[in-house]
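Residue strings, one per chain:
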Amino acid sequence: MSKDAIIQLKDVDVTFHNKGQTVEAVKDVSLDVERGDIYGVVGYSGAGKSTLVRVINRLQQPTAGQVTVNGQNILTLNGKKLRQARTKIGMIFQHFNLMNARTIADNVDYPLKGSKLSRTERKEKVARLLDLVGLSEKANDYPAQLSGGQKQRVAIARALANDPEILISDEATSALDPKTTSAILELLKQLNKDLGLTVVLITHEMDAVKEICNKVAVMENGKIIERGDLLTIFSQPKEKLTRDFINTATQIDQALEKIYKQVGDLGLDDHHRLIQLKYVGASTDAPLITELFKRYQVVSNILYGNVEILQDTPLGNLVVVMAGEPDQLDRAWQYCRDAGIQVAQLDPHDSEVA
Ligand SMILES: Nc1ncnc2c1ncn2[C@@H]1O[C@H](COP(=O)(O)OP(=O)(O)OP(=O)(O)O)[C@@H](O)[C@H]1O
Ligand SMILES: [Mg+2]
């Protein structure tokens, strides 16, 4: 278990009993979130994501396991101590849960009611929070006057009112359009950087994870089936579900469908191979392809190319048809591998993506 973990879940189970039915929503999950992480948790609907994160502030009592937040055993806290611990864990949701009859400023002020701050201090704090999320001008408006993205900003300001060290975002961008989603994610990243806020980001969109997370866990049927730092997961996913999530995010699935059709029409023989090349880091496609020709007279025709920047590191994905003598094709293949590139031969008759 990591020393810097601000959140530690150990062997956590959550089992629901409802009308004679048993649902094991979370099964034997251990998870360390380190201070300053933006930890993505992805999975399809019903995977157990919300149940798992609700355990962190004990909105959900686990059936078994241990939960430590900021060095405190959350499961033994009661009454005032538990309430105090909870104020240090902010939460935002898909539905912003704002109070419609109150102004934006009053919404943000609401969690400060129990605090020791004076009226003036509270006013100042609300102004500061609204400034932080870029909504100073809306202080006296009502929620109905705001867009979805603005409402989520209010919810974020409210979640930060008690200076939490952890912010849990449960599908907070699911109801927003892509551009607004990006802006909210950017805001979370900035808060992470400026305030040292640790973020747990639950989503079913790998795109969101890709934009801001440094780590990611993939959940299926109550279990974490794969986890790791973002680049490793994106460049070397092991589980099929993880690959599915990533392929949806990079849209390579759609591209391959078209390519397979195109290649099917062309037909491949032993002088042509359909190959997917994946690389992490600086290795760019143009020099590689020139090199393959110079060394082995292999001609590469790029059918699909995509470079993404994840955490300042390029992650390249190319689909090419390589043409040449079979033994030279083998050598070209080996050359790519020696250069640290992941090489996979694609079969147009098999729809599974590498
Ligand atoms: N209070 C409850 N009582 C009974 N079953 C529950 C309860 N809460 C959740 N479940 C069940 O636990 C499982 C996990 O639910 P959970 O809400 O954690 O999934 P999720 O990954 O957050 O899904 P979504 O993406 O749809 O939000 C589901 O089968 C759900 O029906
Ligand atoms: Mg959920």
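Residue numbers here run from 1 along each chain, matching the order of that chain's written sequence. To read the labels, note that chains go from A and ligands from 1, taken in the order they are written. Only residues with pLDDT of 70 or above have their local features reported here, since the model is predicted, and side-chain atom pairs are shown and tallied only from 80 upward, although totals for entire chains, interfaces and linings are computed over all residues. Computation of side-chain values covers all heavy atoms of the structure but excludes hydrogens and water.

- The name given to the protein chain in an unreviewed UniProt entry is Methionine ABC transporter ATP-binding protein, with Levilactobacillus suantsaii as the source organism.
- UniProt positions are given in the numbering used here, feature names are shortened, and annotations may be inferred rather than shown by experiment. What UniProt states about the protein chain under its Function (unreviewed entry) heading is, verbatim, "Part of the ABC transporter FtsEX involved in cellular division. Has ATPase activity. Essential for cell division and viability."
- Under the UniProt heading Catalytic activity (unreviewed entry), the entry covering the protein chain gives this text: "ATP + H2O = ADP + phosphate + H(+)".

1. Some remarks on the packing of aromatic side chains
No. 1: Only Phe, Tyr and Trp rings are paired, with Trp represented by its six-membered ring, and only when their centres lie within 6.5 Å; those with planes under 30 degrees apart are stacked, over 60 edge-to-face, the remainder tilted. This structure, assessed with the given rule, holds 2 aromatic pairs.
No. 2: On the numbers, 6.1 Å between centres and 65° between planes, the contact of Tyr-296 with Tyr-335 is edge-to-face. You can see Tyr-296 sitting in helix H11 (residues 285–296) and its partner Tyr-335 sitting in helix H12 (residues 326–338), a full 39 residues away along the chain.
No. 3: Residue classification places Tyr-296 among the buried residues on the basis of a relative accessible area of 14%. Only DSSP runs of H or I with at least four residues qualify as helices, and only runs of E with at least two residues qualify as strands; both kinds are numbered from the N terminus onward. With a 1.4 Å probe rolled over the protein chains alone, any residue whose accessible area is under 20% of its type maximum counts as buried; one over 50% counts as exposed, and the rest are partly exposed.

2. Brief notes about the pattern of salt bridges
Opposite charge on two side chains permits them to pair, given that their charged atoms come into close proximity.
No. 1: Salt bridges are identified by distance alone: a Lys or Arg side-chain nitrogen within 4 Å of an Asp or Glu carboxyl oxygen. Under the definition given, this model contains 12 salt bridges.
No. 2: Note that Glu-165 and Arg-35 form a salt bridge whose closest N and O atoms lie 2.8 Å from each other. On the criterion of sequence distance, the pair formed by Glu-165 in the loop between helix H5 (148–159) and strand E7 (166–170) and Arg-35 in the loop between strand E2 (21–34) and strand E3 (38–42) is long-range, its members being 130 residues apart.
No. 3: Taken together, the shared-partner salt bridges in this structure form one network comprising Asp-109, Lys-113 and Arg-122.

3. A word on the site of ligand 1
No. 1: Every one of the 13 residues lining ligand 1 counts as a neighbour, but Ser-45, Gly-46, Lys-49, Ser-50 and Thr-51 are closest to it.
No. 2: We call two N or O atoms a polar contact when they sit within 3.5 Å, provided that within protein one can donate a hydrogen and the other can accept it, with sequence-adjacent residues counted only if both atoms are side-chain atoms. At a separation of 2.8 Å, an oxygen atom of ligand 1 approaches a polar side-chain atom of Lys-49.
No. 3: Here an oxygen atom of ligand 1 and a side-chain polar atom of Thr-51 are 2.5 Å apart.
No. 4: When isolated, ligand 1 has an accessible area of 630 Å², and the protein chains bury 62% of it. Any residue with at least one heavy atom within 4 Å of a molecule or strand is counted as near it. In short, Shrake-Rupley with a 1.4 Å probe defines the accessible areas, and a residue's cover is counted only from the protein chains shown.

4. Quick word on the sheet that holds strand E11 (residues 272–280)
No. 1: Strands were regarded as paired on the criterion that DSSP finds at least two bridges between them. A sheet is described by the order of its strands in space; here 4 strands give the open sequence E12-E13-E11-E14, paired in antiparallel fashion. In this open sheet, the two edge strands, each paired with only one partner strand, are strand E12 (299–310) and strand E14 (342–345). Taking the axes of each pair of neighbouring strands and ignoring which way they run, one obtains an average angle of 15° across the sheet.
No. 2: Contacts between H12 and the sheet are confined to E11, strand E13 (313–323) and E14, with E11 contributing the most and set at about 10° to the helix. Comment: axis = line fitted to C-alpha atoms, over the contacting stretch for helices; angle = value between 0 and 180 degrees taken between N-to-C directions. By definition, residues are in contact when any of their heavy atoms lie within 4.5 Å.

5. Some words on the UniProt feature "domain: ABC transporter" (unreviewed entry) in the protein chain
No. 1: In this numbering, the UniProt entry assigns the feature "domain: ABC transporter" (unreviewed entry) to residues 9–246.
No. 2: Summarising residues 9–246: 37% helix, 28% strand, and an end-to-end C-alpha distance of 26 Å.

6. Brief notes about the pairing of strand E4 (residues 64–69)
No. 1: Pairing of strand E1 (residues 5–18) with E4, which is carried by 5 bridges, proceeds in the antiparallel orientation. By the bridge assignment for E4, Gln-8 is matched with Thr-68.
No. 2: Between E4 and strand E5 (residues 72–73), which pair antiparallel one after the other, the connecting turn spans 2 residues, and Asn-70 there sits at a positive phi close to 55°.

7. Quick word on empty space enclosed by the protein
No. 1: Whether a set of points on the 1 Å grid over the protein atoms alone is a cavity depends on a 1.4 Å probe fitting there but being unable to get out, while an open set qualifies as a pocket with protein on both sides within 12 Å along at least five of seven lines; lining residues are those with an atom within 4 Å of a point. Grid points are joined across faces, edges and corners, and a volume is the space filled by probe spheres set on the points. Considering all chains together, one arrives at 1 cavity of 30 Å³ or more under this definition.
No. 2: Its boundaries defined by the atoms lining it, the largest cavity holds a volume of some 180 Å³.
No. 3: If you go around the largest cavity, you meet 19 residues; those closest to its centre are Phe-234, Ile-246, Lys-278, Leu-315 and Asn-317.
No. 4: Looking at the lining of the largest cavity, the elements that each hand over two or more residues are helix H8 (230–235), helix H9 (240–250), E11, E12 and E13.
No. 5: Side-chain classes are defined by residue name, with Ala, Val, Leu, Ile, Met, Phe, Trp, Tyr, Cys and Pro counting as nonpolar, Asp, Glu, Lys and Arg as charged, and the others, Gly among them, as polar. Residue composition of the lining of the largest cavity, grouped by class: 8 nonpolar, 8 polar and 3 charged.
No. 6: Each domain's limits were defined by an automated method or a database of domain assignments. Taken domain by domain, the lining of the largest cavity gets at least three of its residues from each of domain 1 (5–248) and domain 2 (252–345).

8. Observations regarding unusual backbone geometry
No. 1: Phi at Asn-70 takes a positive value of approximately 55°, unusual for a residue other than glycine.
No. 2: Summarising the element assignment, Asn-70 is placed in the loop between E4 and E5.

9. Some thoughts on the packing of H5 against helix H6 (residues 178–195)
No. 1: The geometry of H5 relative to H6 is characterised by a closest axis approach of 10 Å and an angle of 20° between their N-to-C directions. Taken together, the axes of H5 and H6 are roughly parallel relative to one another. For H5 against H6, the interelement crossing comes out right-handed. Contact residues: Gly-149, Gln-152, Arg-153 and Ile-156 in H5; Thr-180, Ala-183, Ile-184, Leu-187, Leu-188 and Leu-191 in H6.
No. 2: Considering only residue class, the contact of H5 with H6 consists of 6 nonpolar, 3 polar and 1 charged. Should an angle fall under 35 degrees it is taken as roughly parallel, and over 145 as roughly antiparallel, whereas 65 to 115 is taken as roughly perpendicular and any remaining angle as oblique. By convention, the crossing between two helices is left-handed when the near helix turns anticlockwise from the far helix through less than a right angle, and right-handed when the turn is clockwise.

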